[in-house]
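Take a look at the letters that make up each chain.
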Amino acid sequence: MEAAVFILSLVDCCALIFLSVYFIITLSDLECDYINARACCSKLNKWVIPEMVGQCLSTMLMLVSMHWFIFLLNLPVAAWNLYRYVKVPMGNMGVFDPTEIHNRGLLKSHMKEAMIKLGYHLLCFFIYLYSMILALIND
């Protein structure tokens, strides 16, 4: 049972890593003017809820399986994703808004957040991989 939890978390983490890379590539395309702000934001906003669901799924799996350290490691990122989604101002297109993305250095902020999330998900990937191997050996 424990190995199945970590296998599912590993698959979820791989999806979140690919999503973080997609965010970085899309924001880089906007920064270099390969795509316009509206196309970039519509592409990224499509994936905000799946990212949030994936992170919350991983967090809840660790809570249910009573892996407290990994749960506490996942909780701030899940809370940040929920907070970011809930605090979208009225009238905005979503978390990524084309009218505001070039204002106040928001593009750099989104890029920095995507890079931090990529590093975090890579760290979690190796933690899940180690835990999965340990669970398979102990079974």
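With an unreviewed UniProt entry as reference, the protein chain is termed Cornichon family member 4, source organism Amphilophus citrinellus. The Sequence similarities (unreviewed entry) field of the UniProt record for the protein chain holds the comment "Belongs to the cornichon family." Its UniProt record, at the heading Subcellular location (unreviewed entry), says of the protein chain: "Membrane".

Student: Please clarify how the nonpolar core should be interpreted in this entry.
Tutor: Nonpolar side chains tend to gather and get buried jointly when the protein is soluble and globular. Formed by 35 residues in total, the largest nonpolar core has its most connected members in Phe6, Leu27, Met62, Phe96, Ile101 and Tyr128. Secondary-structure elements contributing two or more residues to this core are α1 (2-31), α2 (37-45), α3 (48-64), α4 (68-86) and α5 (106-138). Considering each element in turn, this core owes the most residues, eleven residues, to α1. Apart from the residues within four sequence positions on either side, Phe96 is in contact with Phe23, Cys41, Leu44, Asn45, Val48, Arg84, Ile101 and His110.

Student: How should I be thinking about the UniProt feature "transmembrane region" (unreviewed entry) in the protein chain in this particular structure?
Tutor: Taking the UniProt record as the reference, the feature "transmembrane region" (unreviewed entry) is found at residues 5-25, 60-83 and 118-137. Taken end to end, residues 60-83 has its terminal C-alpha atoms 17 Å apart, with 88% of it in helix and 0% in strand. Across residues 118-137 one finds 100% helix and 0% strand; the C-alpha atoms that close the span lie 29 Å apart.

Student: Whenever I open this one, the packing of aromatic side chains confuses me. Can you help?
Tutor: For any pair of aromatic rings, geometry is given as the distance between the ring centres together with the angle between the planes. Under the definition given, this model contains five aromatic pairs. Centroid distance Tyr22 to Trp47: 6.5 Å. Interplanar angle 70°. Geometry classified as edge-to-face. A residue pair is termed long-range when its members are at least 10 positions apart, and Tyr22 in helix α1 and Trp47 in the loop between α2 and α3 qualify at 25 residues. The class for Trp47 is partly exposed, based on a relative accessible area of 37%.

Criteria and cut-off values
- Residues numbered from 1 in each chain as written.
- Predicted model: local features only at pLDDT ≥ 70, side-chain atom pairs only at ≥ 80, totals over all residues.
- Heavy atoms only, no water.
- UniProt positions renumbered as here; feature names shortened; annotations may be inferred.
- Core = buried A, V, L, I, M, F, W, Y, C linked by side-chain atoms within 4.5 Å.
- Buried < 20%, exposed > 50% of the residue type's maximum accessible area, 1.4 Å probe, protein only.
- Helix = DSSP H or I, 4+ residues; strand = E, 2+ residues; numbered from the N terminus.
- Contact = heavy atoms within 4.5 Å.
- Phe/Tyr/Trp six-rings, centres within 6.5 Å; stacked < 30°, edge-to-face > 60°.

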